[in-house]
Amino acid sequence: TTLFRSIADRKQSMDVEMRFCEIPYAGNRKYWVFIPSSSCMQRLEVDDVVLVNLIPQVDSRDDDWHLKIVKTTPMAPWGDVCGILSRRWYHNKSKDNSGYFDPIQIPDKCVLKLTEQTSPDTIRKKVETLCSAEVRVRILDSDKGLTRQISGIREVFRNDLGNRHGYAKNILLANAPNLMGKVHPFSHLLSAKTQFLLKVEDISAAIQDYIVHEKLDASQIKALRNLNTEIPGGFCVIHGAAGTGKSLIARLMVAVSLKLRSIADKNSIPYRKTKVLFMAPSNKYTDEIALHIQSLVNTIFGKQSESNTPFVVRVHAASTDHSVTMQEYSASRLKQCGNPERITLQDDDSLNLDSLLGALEISRLYREYRSERYPGISDKRLCEIALSLGTRILQYVGIWRDQNNEVHPIAPDDWKIAFENFRDQMDRWAKGEHFSLTEKDAFKEEYNRIVTLVFEKVDIVVTTGSQALTHTIYANFQPDWIVDEEGGRQLESEFASKIGYYNPNFYILVGDPV
């Protein structure tokens, strides 16, 4: 109840005082905003997205401007909350790519207009002399992870959850998984309903091979063998001090599953895939897991039939994966349209800077350009582009080819016909052709359809814990196993939300003891 109330309170409207500073070269479209902390009923945090009603007497949501809370700047008065305010843009639905900006509603006495370059201290002193405008704000997007947790808990307690084992709600209510029914991690293979009848002895033999190969110690051997048993509720916890090999045990369980699939493939035996979702606390660690799992796939399957090789995908933010898919095509479009790919900086003497803010903005753009790992993709966290969802999409529609100019085996047999229209649209985009709003919507719909088809083909998804709770993944991928590398850091609400969204057969929590 307290958790729900805290979310609801932050969504309520509140009246605050604001002072504004124009951002040079933004054409009266963006402003720095300074909010005295004493006027905030609720604490505003960095990355909060806030709706701002500049005329609180008229409570209309349609006219609100958008404010993003950012880290404090040197020119902000002491204790003030800082943000970037964007003037609202209205799309004209009757014509393509047209619209107009909302009229400026900020009193001149509340806005600082910079006409010359000056120091942060001078700006701060001028801001402090401004009159404050009383506005009404409402938090639009805040605590994204926590909001998803609330949604997940609601899913768990819904009557129509359709829980396959019926233990998600019970484990939250009773907090006693040891009293629940026992589940074997390979129950989907041991069942008599499956075509590939697997025996526990087969799993034990595969586990023994990895015990010898990896030279596991006594505690690791015990943990790995314990996973080959019926576990109450299908939940298990692998814990230990740093460096004891907790993550290795979880990954070896996936390796055992891959090895059993390889044996079935060699003997032409029908096999039920084991779909796995890996979740990690950081992007760097997530990339490490993805590379390790892909290396296991390469080692186990080698030169076997590539059409049956398990596919690993590293899922990033939806915007990042979309940028990967469109990377080359967007670059070609920029060249065809005659637009510069990036801002070009010359000698300092040639820069005509009217204000300190202008210099800071150019400096930021330059750092952004220099720090790009892949041209045209702004997400600096992207490292393993070959395993990304964006690359898998290109492979699926037959665009991406290997060193021998051959289509990747992830593509279906009818890829030439099935995705011909999608490839034509990509080519049109690269040539700089105009797209109507209807054509853009159709292209987005087709892109989302292909994302769904790719997830049907993929066997192992590796992502961060927060990204795992996004619609792109949970709506398209239902894993048999979840390996959660955040076991020692997450709250019960985080754990509950993952059960609600995914409802796996088997859940492995990995983490340091708390």
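Summary of the structure given here. (Residues numbered from 1 in each chain as written. Predicted model: local features only at pLDDT ≥ 70, side-chain atom pairs only at ≥ 80, totals over all residues. Heavy atoms only, no water.)

With that settled, the discussion passes to the sheet that holds strand β16 (residues 481-484). What the six strands build is an open sheet, ordered β12-β17-β16-β13-β15-β14; its pairing is parallel. On the outer flanks of this sheet lie β12 (235-239) and β14 (312-314), each paired with one strand and no other. This sheet shows a mean twist of 15 degrees between the axes of neighbouring strands, independent of strand direction. Pairing of β16 with strand β17 (residues 506-511) involves four bridges; the strand directions are parallel. Residue pairing in the sheet places D484 in a bridge with L509 of β17. (Pairing = 2+ DSSP bridges. Helix = DSSP H or I, 4+ residues; strand = E, 2+ residues; numbered from the N terminus. Axes fitted to C-alpha atoms, helices over the stretch in contact; angles between N-to-C directions.)

What follows deals with empty space enclosed by the protein. Rolling a probe over the atoms, with the probe sized like a water molecule, indicates the empty space that remains. With the rule as written, the count across this model stands at two cavities of 30 Å³ or more. Looking at the largest cavity, its volume works out to about 60 Å³. Together, V254, S257, L258, R261, Y271, T274, P310, D459 and I460 line the largest cavity. Here the residues of the lining of the largest cavity are counted per class, giving five nonpolar, two polar and two charged. (1 Å grid on protein atoms, 1.4 Å probe; cavity = no way out; pocket = protein on both sides within 12 Å on 5 of 7 lines; lining within 4 Å. Points joined across faces, edges and corners; volume = space filled by probe spheres on them. Nonpolar A, V, L, I, M, F, W, Y, C, P; charged D, E, K, R; others polar.)

With that settled, the discussion passes to the pattern of salt bridges. For the coordinates displayed, the defined rule picks out 10 salt bridges. Salt-bridge contacts for D80 lead to R19; the nearest nitrogen and oxygen are separated by 3.1 Å. Here the residue D80 occupies a position in strand β5 (residues 80-86), and R19 occupies one in strand β1 (residues 14-22), the gap between them amounting to 61 residues. Judged by its relative accessible area of 10%, D80 is buried. Among the ionic pairs, D459 bridges to K273, the shortest N-O distance being 3.8 Å. Of the two residues, D459 is situated in the loop between α15 (437-457) and β15 (460-464) and K273 in the loop between α8 (246-266) and β13 (276-280); the sequence distance between them amounts to 186 residues. You can call D459 buried: its relative accessible area is 1%. Residue K273 is classed as partly exposed on the basis of its relative accessible area of 29%. Salt bridges linked by common partners bring R261, K273 and D459 together as one network. (Salt bridge = Lys/Arg side-chain N within 4 Å of Asp/Glu carboxyl O. Buried < 20%, exposed > 50% of the residue type's maximum accessible area, 1.4 Å probe, protein only.)

Moving on: α8. Taking 1.5 Å per residue as the helical rise, α8 with its 21 residues ought to reach 30 Å, and the 31 Å between its terminal C-alpha atoms agrees with that figure. Burial within α8 is extensive, with 17 of its 21 residues counted as buried. S268 sits one or two residues past α8 and shows a positive phi near 55 degrees. (Expected span 1.5 Å × (residues − 1).)

The next thing to look at is the packing of helix α14 (residues 420-430) against α15. Put simply, α14 and α15 touch, their axes get as near as 11 Å, and they point 130 degrees apart. Judged by the inter-axis angle, α14 sits oblique to α15. Between α14 and α15 lies a crossing of left-handed hand. Between α14, through F422, Q425, M426 and R428, and α15, the contact on the second element is made entirely by E439, F443, E446, Y447 and I450. Tallied by class, residues from the contact of α14 with α15 come to five nonpolar, one polar and three charged. (Parallel < 35°, antiparallel > 145°, perpendicular 65-115°, else oblique. Left-handed = near helix turned anticlockwise from the far one by under 90°. Contact = heavy atoms within 4.5 Å.)

Let us look at the packing of aromatic side chains. This model, assessed by the stated rule, comprises eight aromatic pairs. On the numbers, 6.5 Å between centres and 80 degrees between planes, the contact of F20 with Y31 is edge-to-face. Separated by 11 residues along the polypeptide, F20 in strand β1 and Y31 in strand β2 (residues 30-36) bring together distant segments of the chain. Each of the two residues, F20 as well as Y31, counts as buried. Judged by centre distance (6.2 Å) and plane angle (50 degrees), the rings of F455 and F477 are tilted. (Phe/Tyr/Trp six-rings, centres within 6.5 Å; stacked < 30°, edge-to-face > 60°.)

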